[in-house]
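Inside the fold
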Amino acid sequence: MRELIKVKFDHIGIFVREIKYGRMELANLIDIFEESEIYHDPLLNVSVQFCYDRSKICYELVAPYGDNNPVDGVLKDNGNILNHVAYKTNKFDEKILQYREKGCIPLGPACQAVAFGGARVIFFLSPLKFIIELIEEINE
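The following refers to the structure shown. (Residues numbered from 1 in each chain as written. Predicted model: local features only at pLDDT ≥ 70, side-chain atom pairs only at ≥ 80, totals over all residues. Heavy atoms only, no water.)

1. Here we look at the overall build of the protein chain
When helices and strands are counted, the protein chain shows 3 helices and 10 strands. The C-alpha radius of gyration computed for the protein chain amounts to 15 Å, which stays within 12% of the reference 14 Å derived for 140 residues, consistent with globular compactness. Expressed as lengths along the three principal axes of its C-alpha atoms, the size of the protein chain is roughly 45 × 30 × 30 Å. Within the span of the protein chain, comprising 140 residues, buried residues form 39% of the whole. Once local pairs closer than 6 in sequence are excluded, the contacts in the protein chain between residues at least 24 apart make up 55%. Of the roughly 8600 Å² that the protein chain leaves accessible, carbon and sulfur atoms contribute 53%. Of the side chains in the protein chain, 16 bear a positive and 21 a negative charge, and the two mean positions are spaced by 6 Å. (Helix = DSSP H or I, 4+ residues; strand = E, 2+ residues; numbered from the N terminus. Rg over C-alpha atoms; globule rule 2.2 N^0.38 Å. Buried < 20%, exposed > 50% of the residue type's maximum accessible area, 1.4 Å probe, protein only. Contact = heavy atoms within 4.5 Å. Areas by Shrake-Rupley, 256 points an atom, 1.4 Å probe, with all protein chains shown as cover. Lys, Arg positive; Asp, Glu negative; His and termini not counted. Charge placed at Lys NZ, Arg CZ, Asp CG, Glu CD.)

2. So, unusual backbone geometry
Where the residue is not glycine, phi is negative for most of them; where a peptide bond is considered, it is trans in most cases. For asparagine 45, which is not a glycine, the phi torsion comes out positive at approximately 60°. Checked against the element boundaries, asparagine 45 lands in the loop between strand E3 (39-41) and strand E4 (46-53). Look at asparagine 68: it is not a glycine, yet its phi comes out positive at around 60°. Locating asparagine 68 in the fold gives a position in the loop between strand E5 (58-64) and helix H2 (72-77).

3. Describing the layout of surface pockets
Considered as a void within the structure, the largest pocket measures approximately 520 Å³ in volume. Along the walls of the largest pocket sit 27 residues, with Phe15, Leu44, Val46, Pro70 and Phe123 positioned nearest its centre. If you list the elements that add at least two residues to the lining of the largest pocket, you get E4, E5, strand E6 (82-89), strand E9 (120-125) and strand E10 (131-136). Broken down by element, the lining of the largest pocket gets its largest block of residues, 3 residues, from E9. Here the lining of the largest pocket is built from residues that sort into 18 nonpolar, 6 polar and 3 charged. By volume, the second largest pocket amounts to about 230 Å³. Contributing elements (two or more residues each) for the lining of the second largest pocket: strand E1 (8-15), helix H1 (19-29) and E5. Ranked by residue count, the leading element in the lining of the second largest pocket is H1, at 5 residues. (1 Å grid on protein atoms, 1.4 Å probe; cavity = no way out; pocket = protein on both sides within 12 Å on 5 of 7 lines; lining within 4 Å. Points joined across faces, edges and corners; volume = space filled by probe spheres on them. Nonpolar A, V, L, I, M, F, W, Y, C, P; charged D, E, K, R; others polar.)

Any functional reading would require information beyond the geometric quantities listed.
Dropping the structure here:
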């Protein structure tokens, strides 16, 4: 049996109609201590902002950015608003294979993400029916 490749928690992704509104509503519920700039990603067709609570838990607000984005349909159906749990790994390709071996289904190809400095991301539907985002950890 192959050794399980380690990942580390990165963020919880929440789909919102608009970043400013999502940030306001999140701050009404959780003591937001810090926030990132807003990233507009034409490759993924989303805008994102990272908000951190005092425990340093990161919440990624994800809003539509143009047509053919992954957010509009989810918001229309009112499902998967708390959309994904994200992890980083420096063994990105190996972890993709391991997730597939464990029954996770890729929801699309790996692609570069502006919010992560061009690092690759990929999303999986897990056997427990929650979504995992895998982020390539690039050593700088």
